[in-house]
Amino acid sequence: CDSGTWSGTIATSCTDCVAGRSSGSGASACIACDGGYYSDKASSACTKCDSGTWSNWSAASCVVCVAGKLSSSGASTCVDCDAGKYSDAGAGACTACGSGTYSAAGRRNCSSCDSGAYSNAGAAACTACDSGTYSDAGAAACTKCDLGRYQDKNRSEGCVDCDAGKYAGRTGSTRCEPCSAGYYASSSGAQTCLKCSSDWEGAADAEMRARYHSVEGASACNRCADGYYMHSGDCDVCPNNAECCDGATLQSITPLPGSYRFTNTSKRVYACPMVGNCLGGIRPQEQCLEGSEGPLCAICSSEFFMHSSGERCEPCGDTSFLASGLVLLVVSIAVIIAVWRRTRLVAFYHARKEQLDAIGQRANSFFVTMQILLIYQHTRIQVGGTQVPSPYDDFLEMLEPLTFDFVTWVPLECMFNDRSFDHLDALLFETLVPLGLFALTLLHTVVQRRMHPGKDPSRPMALYVQALFLVLPVISQRITKSFSCSFYDGRRFAFLSAGPSIECYSDRYWFMYAYGVCMMLIFPIGTPLAMLTMLAKYREHLNPVGMPESVVVQRRKNDPVLVEAPIVSFAIIFRPKWWWWECYNMVRRLMLTCMVALYDTLPSTTVFMVAVSIVTLVFEREAKPYIDPFLSVFTYLAAWQILLFILYCLLIDANFTDGSQSVIISSICMLTNVFLCLVVFFDTRDHVAKRKRQTARMQAGVLDEGGFELNSVYSASDNGGGGKATQRVGDRGDGEAAEGSGMDRMGGGLMHNPMTTAAQAGHGGGPTDSKPDREDERAGGRVLKESNSHHGGIHDGHYEDEPSSNGQGPEVGEGGERWLDPKNLV
């Protein structure tokens, strides 16, 4: 049989193979095609199925693979396309899905990825987008969120704008960052934050922008930077004496310790006069230390008193005030002992009169200087000055009793149970007590004058004036401070500057005002005028017209009118033409202690003190008012001490010195004061000893350089005797001369007490005629008239300005009076 046919045994013909079978030639049977093959009828061989088709066993034809499947040639079956691929019907191979699509196995097509997912080519599934990215449907990749946007979730189809106050500074942000403190983002979707101090559009200019601040994550600069506070949307400068931080508002301004704020809406914070009483803090009702109350915490509560330091109120049971009160007690005991032992003290004084007088005069100058410094220190601090650094501050505190401010020493507040002891009470105490003592002294003087008509009873009054001299600056300062009011919170509150317990323009204030005016006329104005008036009564004796100064100085010591007038002790230490200098001194002290209290700012106070100090310093230098030239130099140095202290305080207040510089200058100031104090005592002893040595040498006839002798020979014809008296006058600068007998009367460069002879001393007191020797005749000018009257050996001198018989001054006067040319004596 031919190929494609077959026959069995005993066949008459060959039979065609049926489809799906094949045979070769001479085949006895047809063979079925294998799977993947097919054959038509009478086929000699099976044909392999093409790719994309398949066939079973003995197939007459190949079957096309359905979509989603594939087959290779000769395949007996179709297989599914792999995941991520697809195929159409009859596909010999699957096609990979494109990007952004995916497919499972055996899929005829690919599906697009949903939003929030993506796929690469041939993806079996889509991958969700990570946080910070997003995608639309069919995305081949996720897109990062833009600047200013974020996405914190996976499989997101979009990003979200950052809220106001936050920003996204990079793409693909999973969250927005809050703006840092001091920065802001006013709108959503911010890519960066703006800086309040330079970019805030709510401020008018760069200077104002610098005041603004913000918290973290702020959408606006709605807070103020440290050092400023928010009020009505604006940042204002934090007031002095307060702390503004953490976005302070008007209500949250925090007063510092030592400061006071009247209400939580007050725009100003004030330094407390009693710094220890003020605790600071936000709540006004909790600002005062226990035991203090009222405005500025300056009122001590019942059972409390103001400590002598002036910084706080202490319980009345506290005894710390005794440290200052002890000084007052010691002084009182010393006065009592002095009165009790006055006879011995008087004898002791006369035995050492010259040295004690010199010590007293210099001690007085030292006292005045230190009192001015202490009072100025208090005044300066009250108007905002800086405390003087140690050690000088400690030194001044030690000398605090020199102010003689008794009100600060004794806790008078503890005597008042129903109210505090205020400025008016102190004013009444410090003025009525001296006035009461004056009335008692005046009464004593009147009684003594009537009981002892021939005796001068004015010494107690002179002692009273000397005591008043010590306390006058404190009294006058208290009076001066009775008028000035301090206004607070834009004149909403008004209190007495020296004592906030007194409300200005109240009935109590007006009473104090009127009383203060009266006391002003009596003390700071009336006292210097009264002293000037009392001294002016003796001006013809203190400074006679036409006499040489040296003659006047000696004459004043022996003038019975001046000897019987103790008030002239305030003038006798000065050169004749400056007999009123103590009144000037008093006015100068008052200007530097109480007039300065009229100024309520530190600059005006400093300018006034500097001006007065310089003017008075120059006046002191040019005048040289004291008879003792050393005392003039001492007071001049003391005036320099005052000026230098004021300039030092100016440097401190201007912050020109700090740290070690301040300490060094402070130490120098203290050493200067200590030096002046030592000079009062030790140099006085050396100075007096030197004067005594000079006197002894002159008595021996040894003259200092520049000195000379003036010899006068007296004739004692009236008593039948004769003798020679020698008067030696030393150098004018030494301020002394010597006598031949025993009594020295010294002053102003001249000693006039000629030695008497034994016959004259024994005469008993009648006048004797004498003529000067030829060598003593001098011509011209004023002359010294000397009376040779003797009283128990004491030789009294009288001085007049009279013309001589030749128009140049008499050589011999009536009754043995003799005139000596002052030019030869000086």
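What counts, and where the lines are drawn
- Residues numbered from 1 in each chain as written.
- Predicted model: local features only at pLDDT ≥ 70, side-chain atom pairs only at ≥ 80, totals over all residues.
- Heavy atoms only, no water.
- Phe/Tyr/Trp six-rings, centres within 6.5 Å; stacked < 30°, edge-to-face > 60°.
- Helix = DSSP H or I, 4+ residues; strand = E, 2+ residues; numbered from the N terminus.
- Buried < 20%, exposed > 50% of the residue type's maximum accessible area, 1.4 Å probe, protein only.
- Pairing = 2+ DSSP bridges.
- Lys, Arg positive; Asp, Glu negative; His and termini not counted.
- Salt bridge = Lys/Arg side-chain N within 4 Å of Asp/Glu carboxyl O.
- Disulfide = S-S within 2.5 Å.
- Axes fitted to C-alpha atoms, helices over the stretch in contact; angles between N-to-C directions.
- Contact = heavy atoms within 4.5 Å.
- Core = buried A, V, L, I, M, F, W, Y, C linked by side-chain atoms within 4.5 Å.
- Parallel < 35°, antiparallel > 145°, perpendicular 65-115°, else oblique.
- Left-handed = near helix turned anticlockwise from the far one by under 90°.
- Nonpolar A, V, L, I, M, F, W, Y, C, P; charged D, E, K, R; others polar.
- Patch = residues over 30% accessible without salt bridge, like charges linked within 9 Å, V, L, I, M, F, W, Y side chains within 5 Å.
- Areas by Shrake-Rupley, 256 points an atom, 1.4 Å probe, with all protein chains shown as cover.
- pLDDT = per-residue confidence, 0-100.
- Expected span 1.5 Å × (residues − 1).

Draft legend 1. Fine view of the packing of aromatic side chains. Enumeration according to the criterion identifies 30 aromatic pairs in this entry. Judged by centre distance (5.9 Å) and plane angle (55°), the rings of Tyr509 and Tyr513 are tilted. With Tyr509 and Tyr513 both in helix α10 (residues 507–522) and 4 residues apart, the pair spans about one turn of that helix. Tyr509 gets classed as buried once you look at its relative accessible area, which sits at 3%.

Draft legend 2. A look at the pairing of strand β28 (residues 234–237). Inspection of the sheet shows strand β27 (residues 228–231) paired to β28 by 4 bridges, in the antiparallel sense. Across the sheet, Tyr228 pairs through a bridge with Val237, a residue of β28. Between the end of β27 and the start of β28, which pair antiparallel, lie 2 residues, with Ser232 showing a positive phi angle near 55°.

Draft legend 3. Quick peek at the side chain of Asp489. Within the secondary structure, Asp489 is located in the loop between β37 (485–488) and β38 (493–496). Of the side chains bearing the opposite charge, Arg492 lies closest to the buried Asp489, which forms no salt bridge; the N-O distance is 4.6 Å.

Draft legend 4. Structural detail: the state of the cysteines. The full count for this structure, using the stated rule, is 19 disulfides. Covalently, Cys17 is tied to Cys30 through a disulfide, its sulfur atoms 1.6 Å apart. On the S-S bond that ties Cys17 to Cys30, the torsion sits near -90°, and the link is left-handed. Here Cys17, found in the loop between β2 (15–16) and β3 (21–22), pairs with Cys30, found in the loop between β3 and β4 (31–32); they are 13 residues apart in sequence, far enough to count as distant.

Draft legend 5. Structural context of the sheet that holds β37. What the 3 strands build is an open sheet, ordered β37-β38-β39; its pairing is antiparallel. Bordering the open sheet on either side are β37 and β39 (499–503), each of which pairs with just one other strand. Strand-to-strand twist across the sheet, computed as the mean angle between neighbouring axes with direction ignored, equals 45°. Two elements, β37 and β38, share 4 bridges in a ladder whose sense is antiparallel. Within β38, the residue paired with Cys485 across the bridge is Leu496. Against the sheet, α10 engages β37, β38 and β39, with an angle of about 110° to β39.

Draft legend 6. Fine view of the nonpolar core. The biggest cluster of nonpolar side chains holds 69 residues, and the ones touching the most others in it are Met370, Tyr392, Ile479 and Phe645. Tallying contributions element by element places helix α9 (residues 459–480) first for this core, with 9 residues. With sequence-adjacent residues up to four places away left out, Tyr392 is seen in contact with Met370, Leu373, Gln641, Phe645, Ser666, Cys669, Met670 and Asn673. The next biggest cluster of nonpolar side chains, apart from the first, holds 14 residues, and it includes Cys297, Phe304, Tyr488 and Phe495.

Draft legend 7. The packing of helix α16 (residues 602–623) against helix α17 (residues 629–653), seen in detail. Running from N to C, α16 and α17 cross one another at 160°; their axes reach a closest spacing of 9 Å. Classed by the angle they form, the pair α16 and α17 counts as roughly antiparallel. Both α16 and α17 take part in a crossing whose hand is left-handed. Note on element contacts: α17 touches α16 through Thr635, Tyr636, Ala639, Trp640, Ile642, Leu643, Ile646, Leu647, Leu650 and Asp653, opposite Leu602, Thr606, Met609, Val610, Ser613, Ile614, Leu617, Glu620 and Arg621. Per-class residue counts for the contact of α16 with α17 are 13 nonpolar, 3 polar and 3 charged.

Draft legend 8. Quick look at a nonpolar patch on the surface. The grouping of Tyr505, Trp510, Tyr513, Val517, Leu521, Ile522, Ile525, Leu529 and Leu532 at the surface amounts to a nonpolar patch, some 810 Å² of accessible area in total. Elements supplying a minimum of two residues to the nonpolar patch: α10 and α11 (526–536). For Leu532, the location among the structural elements is in helix α11.

Draft legend 9. Fine view of the packing of helix α5 (residues 353–382) against α9. Closest axis-to-axis distance for the α5/α9 pair is 11 Å, and the angle between their directions is 15°. Classified by the angle their axes make, α5 and α9 are roughly parallel. The two elements α5 and α9 cross, and the hand of that crossing is right-handed. The segment α5 lies against α9, with Asn364, Phe367, Val368, Gln371, Ile375 and Thr379 engaging Phe469, Leu470, Pro473, Val474 and Gln477. Its residues placed into classes, the contact of α5 with α9 shows 7 nonpolar, 4 polar and no charged.

Draft legend 10. Layout of unusual backbone geometry. At the junction of Ser390 and Pro391, the peptide bond is cis and its omega measures out at 10° in the coordinates. Of note, the phi angle at Ser232 is positive, near 55°, even though the residue is not glycine. Summarising the element assignment, Ser232 is placed in the loop between β27 and β28. Phi is positive for Asn241, which is not a glycine, with a value near 70°. With respect to the helices, strands and loops of the structure, Asn241 is situated in the loop between β28 and β29 (242–243). Residue classification places Asn241 among the partly exposed positions, given a relative accessible area of 30%.

Draft legend 11. Broad picture of the confidence of the model for the protein. Of the residues in the protein, 79% have a pLDDT of 70 or more, and the chain-wide mean is 77. Confidence drops under pLDDT 50 across residues 701–826; counting only partners more than four residues distant or on other chains, this segment forms 254 contacts.

Draft legend 12. Broad picture of α9. Taking 1.5 Å of rise per residue, 22 residues should cover 32 Å, and α9 covers 30 Å from first to last C-alpha, within 8% of that figure. The element α9 is extensively covered by neighbouring structure, given that 16 of its 22 residues are classed as buried.

Draft legend 13. Local environment of the pattern of salt bridges. For the coordinates displayed, the defined rule picks out 12 salt bridges. Ionic pairing is found between Lys153 and Asp152, a salt bridge with its closest N-O pair at 3.7 Å. Given a relative accessible area of 53%, Lys153 falls into the exposed group. Residue Asp152 is classed as partly exposed on the basis of its relative accessible area of 46%. Its salt-bridge partner being Arg380, residue Asp653 comes within 3.0 Å of it at the nearest N-O pair. Highlighted residues: Asp653 in helix α17 and Arg380 in helix α5, separated in sequence by 273 residues. Of the two residues, Asp653 and Arg380, both sit in the buried class.

Draft legend 14. Representation of the environment of Ala117 in the model. Following the sequence through the fold, Ala117 ends up in strand β15 (residues 117–118). You can call Ala117 buried: its relative accessible area is 0%. C-alpha separation for the pair Ala117 and Cys129, spaced 12 residues apart in sequence, amounts to 5.1 Å. Those residues in contact with Ala117, other than ones at most four positions away along the chain, are Cys126, Thr127, Ala128, Cys129, Ser135, Asp136, Ala139 and Arg155.

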